[in-house]
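Each chain is listed here by its residues.
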Amino acid sequence: MKKYNIAITFALLLIGILSAHATETRPNIVVILSDDAGYTDLGSFGGEIDTPNLDNLASQGLKLSHFYSNARCSPTRASLLSGVDAAHVGFGGGVVGDWVRELPFPAHRARLKYEQPIIPELLSEAGYHTMMAGKWHLGGSYIKDHQETMRAQWEATHPEQMKLTDEEMQQDYLALPPQRGFDESFVFHAAQGNLFFRPEEPQPYYFNNEKAQLSYDRKYDMTCYAETDFGKQHYTACDGKSGNAFYATDGITDEAISMIDAASKKASPFFMYVAYRAPHKPLQAPTPLVQKYLKRYANIQKVADERHAHLVELGMFPEKAPVRQSGDTWTSLPKEKIDAVRMKAAVHAAMMEKLDENVGRIIAQLKASGELENTLLVYLSDNGAASHIGDLMNQPYTGVKALLWEGGARTHAIIHWPKVVKAGQVTDDVVWVGDFLPTFLDVAEAEFPSQFRGDTPRQPDGRSIVPLLHGSSMPPPEALFFNDKGQQSVLYKGRWKLLIEPGWYLQTLAKPGIAIELYDLESDPGEVNNLASEKPKLVAQLVELAEAWKKENQIVDYKHIIKLKPQDPY
């Protein structure tokens, strides 16, 4: 009898060891997100900015040449983490996760839906240790703990039909990272704010649910550039200063490295989400890097032309495809405007090089801890570069962040996984940001639940792209839909792209009729030749698809929203 018990005990112990070993072989998952980086900002995507660490990731992994975000910060983050159309979790119509943008409509709520599971919650359930460092921007607040100082601001920024109840304050609290599955989080909650903080200045970062203690052990010469009166008032106090400071790109990395170091000592795999704030405004970077790029950007037109030419050389843009930004577009500007563009481009580039340097630090930590070989690492930008530099950083694509032309929605992305992804691969297959959640569940051997927090969650709209990681090709999704403040777009079968009222809302509103554009992206990715008048049946079909999608997603027409938010037309 004793021998029998010993045999059973040994068998159970062996099963436990084998199960633990099986768990340990599942990959760590690291997602690195840049904020407003242009399609051709990376050297590996045709640009002139020095990005050796990201370029090395690309050379050792898979480049996604036809990768689509949701064209704006929060909607992309919402689909990245949830795997569903952003409107189903409160971020339709270009709404972003700030109090002043909240609306009383489910699709435009500007707060991540609590009843829809997100990546850290699902991976945590599957035994992963989950961590985040960086920008959240998906709503929520600690108003329930600070009513006396925050209530007046809430009431001043919300429509009358929205009431600040106890339930409302609790839902705000539940929308924050520690309550959404992250075991550890070092977070900046909002859209934008200073990247440089000096020791004497108040700072907004949180570690888990407590105010973070920042480290000011680095010394910087600071360049902080703004053009508007608002920007100058809030973001240029550090310009020309020298001294000890916290710089977001370095500080976020410090926290990420610390978390990875500790997590690598655990038996369980980990999920790390690093959401940088660069190169999003305000434009702030170490001065030596800014001066370096001011010299490099002596000829802005040359930069634009060379980005186009290099992307063609890489085989990632058709040689004979037309582009809108051509000829002497930049050189025809007045000198003061060219000088302003050079300065903005130089700070943007400096912020990107600093980001790349810190990606290198994360990779070095993964190597040092022996985790890199068993880590699926994804790098992407949340949208194209923003409008303050025109579409220079998205060349040769047209458009910017928040606009639905390719320059706003198509972004660079890289996947690195040494044990699976062969080095030096490029795929032209269409991939959407919502595809990552089902992909991560696949590789983590995790399940998407049929019930979550007492509700039936929406099944992922994205699809697993594991076949791409193994070198296979995948057909495009039937359709991808995008919308942002009155604009609508549908990408059909990876080739045809329909746009309805593309552009800034007030500008399109001022023009008579409804603007319709149709492009064949196979031959015209620069979106130059509008084929709408030549293919009326296809246009009608795609308009019908777009209208059905708007109805399913409960998209509210922006003409109603602008009445509630008259100071927020863009």
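A short tour of the structure in this document, coming up. (Residues numbered from 1 in each chain as written. Predicted model: local features only at pLDDT ≥ 70, side-chain atom pairs only at ≥ 80, totals over all residues. Heavy atoms only, no water.)

**Section: a nonpolar patch on the surface**
A contiguous nonpolar patch, built from Leu 506, Leu 509 and Tyr 570 and spanning about 280 Å² of accessible area, is present on the exposed surface. In this structure, Leu 506 sits in helix H15 (residues 505–509). (Patch = residues over 30% accessible without salt bridge, like charges linked within 9 Å, V, L, I, M, F, W, Y side chains within 5 Å. Areas by Shrake-Rupley, 256 points an atom, 1.4 Å probe, with all protein chains shown as cover. Salt bridge = Lys/Arg side-chain N within 4 Å of Asp/Glu carboxyl O. Helix = DSSP H or I, 4+ residues; strand = E, 2+ residues; numbered from the N terminus.)

**What about the packing of helix H8 (residues 248–263) against helix H11 (residues 335–368)?**
At a closest axis distance of 10 Å, the pairing of H8 and H11 adopts a crossing angle of 10°. Here H8 is positioned roughly parallel relative to H11, judged by the angle of their axes. In this structure, H8 uses Thr 249, Asp 250, Thr 253, Asp 254, Ile 257, Ile 260 and Asp 261 to contact H11, whose residues at the interface are Lys 354, Leu 355, Glu 357, Asn 358, Arg 361, Ile 362, Gln 365 and Leu 366. Counted by class, the contact of H8 with H11 contains five nonpolar, four polar and six charged residues. (Axes fitted to C-alpha atoms, helices over the stretch in contact; angles between N-to-C directions. Parallel < 35°, antiparallel > 145°, perpendicular 65-115°, else oblique. Contact = heavy atoms within 4.5 Å. Nonpolar A, V, L, I, M, F, W, Y, C, P; charged D, E, K, R; others polar.)

**Examining the packing of aromatic side chains**
Under the criterion given, the structure shown has 24 aromatic pairs. Aromatic pair Trp 136 and Phe 182: ring centres 6.4 Å apart, planes at 90°, arrangement edge-to-face. Placement of Trp 136 in the loop between strand E3 (129–135) and helix H5 (147–157) and of Phe 182 in the loop between helix H6 (166–174) and strand E4 (184–188) is noted, with a sequence separation of 46 residues between them. Taking relative accessible area as the criterion, Trp 136 reaches 1% and is therefore assigned buried. Using a relative accessible area of 3% as the deciding quantity, one classes Phe 182 as buried. (Phe/Tyr/Trp six-rings, centres within 6.5 Å; stacked < 30°, edge-to-face > 60°. Buried < 20%, exposed > 50% of the residue type's maximum accessible area, 1.4 Å probe, protein only.)

**Re empty space enclosed by the protein**
Across all of its chains, the model carries three cavities of 30 Å³ or more by this definition. Empty space within the largest cavity amounts to approximately 100 Å³. Asn 70, Pro 75, Ala 86, Phe 481 and Asn 483 are, among the 15 residues lining the largest cavity, the residues nearest its centre. Listing elements by their share of the lining of the largest cavity, those giving two or more residues are helix H3 (73–82) and strand E17 (479–484). Residue contributions to the lining of the largest cavity peak at three residues, all from E17. For the lining of the largest cavity, a count of residues per class yields eight nonpolar, six polar and one charged. Taken as a whole, the second largest cavity holds about 80 Å³ of empty space. In terms of lining, the second largest cavity is formed by 13 residues, of which the most central are Val 95, Leu 103, Lys 485, Ile 561 and Asp 568. Its residues placed into classes, the lining of the second largest cavity shows five nonpolar, four polar and four charged. (1 Å grid on protein atoms, 1.4 Å probe; cavity = no way out; pocket = protein on both sides within 12 Å on 5 of 7 lines; lining within 4 Å. Points joined across faces, edges and corners; volume = space filled by probe spheres on them.)

**Comments concerning the sheet that holds strand E19 (residues 496–500)**
For sheets, the rule is that strands pair by backbone hydrogen bonds, running either parallel or antiparallel. Taking strand neighbours across the sheet as the criterion, the four strands line up as E17-E18-E19-E20 in an open arrangement whose pairing is antiparallel. What marks the edges here is a single partner per strand, and that holds for E17 and strand E20 (516–520). If you compare each strand with its neighbour and ignore which way they point, the axes differ by 15° on average. Where E17 and strand E18 (residues 487–492) come together, six bridges link them in antiparallel fashion. Its bridge partner being in E18, Asp 484 is matched across the sheet by Gln 487. (Pairing = 2+ DSSP bridges.)

**Remarks on the layout of surface pockets**
If you add up the space inside the second largest pocket, you get close to 390 Å³. What lines the second largest pocket is a set of 24 residues, and nearest its centre among them are Gly 486, Glu 501, Tyr 505, Ile 514 and Asp 557. Counting only elements with at least two residues in the lining of the second largest pocket, the list comes to H15, helix H16 (536–552) and helix H17 (558–564). Residue composition of the lining of the second largest pocket, grouped by class: ten nonpolar, seven polar and seven charged.

**Observations concerning the pairing of E18**
For a regular strand, the rule is simple: side chains alternate between the two faces of the sheet. In terms of burial, E18 is largely enclosed, as six of its six residues are buried. Burial along E18 is two-sided: Gln 487, Ser 489 and Leu 491 and Gln 488, Val 490 and Tyr 492, pointing in opposite directions, are all buried. Between the end of E17 and the start of E18, which pair antiparallel, lie two residues, with Lys 485 showing a positive phi angle near 50°. The sheet contact formed by E18 and E19 spans five bridges and is antiparallel.

**A look at the environment of Phe 481**
Of note, Phe 481 is situated in strand E17. As a C-alpha pair, Phe 481 and Gly 134 span 347 residues in sequence and 28 Å in three-dimensional space. Phe 481 has contacts with Ser 489, Val 490, Leu 545, Ala 546 and Trp 549, leaving out every residue within four places of it along the chain.

**Things to note about the pairing of strand E1 (residues 28–34)**
Among the seven residues that make up E1, seven are buried, leaving the element largely enclosed by the rest of the structure. Burial along E1 is two-sided: Asn 28, Val 30, Ile 32 and Ser 34 facing one way and Ile 29, Val 31 and Leu 33 facing the other are all buried. Pairing of E1 with strand E12 (residues 375–381) involves seven bridges; the strand directions are parallel. Across the sheet, residue Leu 33 finds its bridge partner in E12, namely Leu 380. Pairing of E1 with strand E10 (residues 270–275) involves five bridges; the strand directions are parallel. Bridge pairing in E10 links Leu 33 to Ala 275.

**So, the pattern of salt bridges**
This structure, assessed with the given rule, holds 38 salt bridges. Arg 109 serves as the salt-bridge partner of Glu 168, at 2.6 Å between the closest nitrogen and oxygen. One end of the pair, Glu 168, is in helix H6; the other, Arg 109, is in the loop between H3 and helix H4 (119–125), with 59 residues separating them in the sequence. Like Arg 109, Glu 168 is buried. Two residues, Asp 172 and Arg 111, come together in a salt bridge whose shortest N-O distance is 3.0 Å. Of this pair, Asp 172 sits in helix H6 while Arg 111 sits in the loop between H3 and H4; the two residues are 61 residues apart in sequence, bridging distant segments of the chain. Summarising the burial analysis for this pair, Asp 172 and Arg 111 share the class buried. What you see here is one network of salt bridges that share partners, running through Glu 102, Arg 109, Arg 111, Glu 168 and Asp 172.

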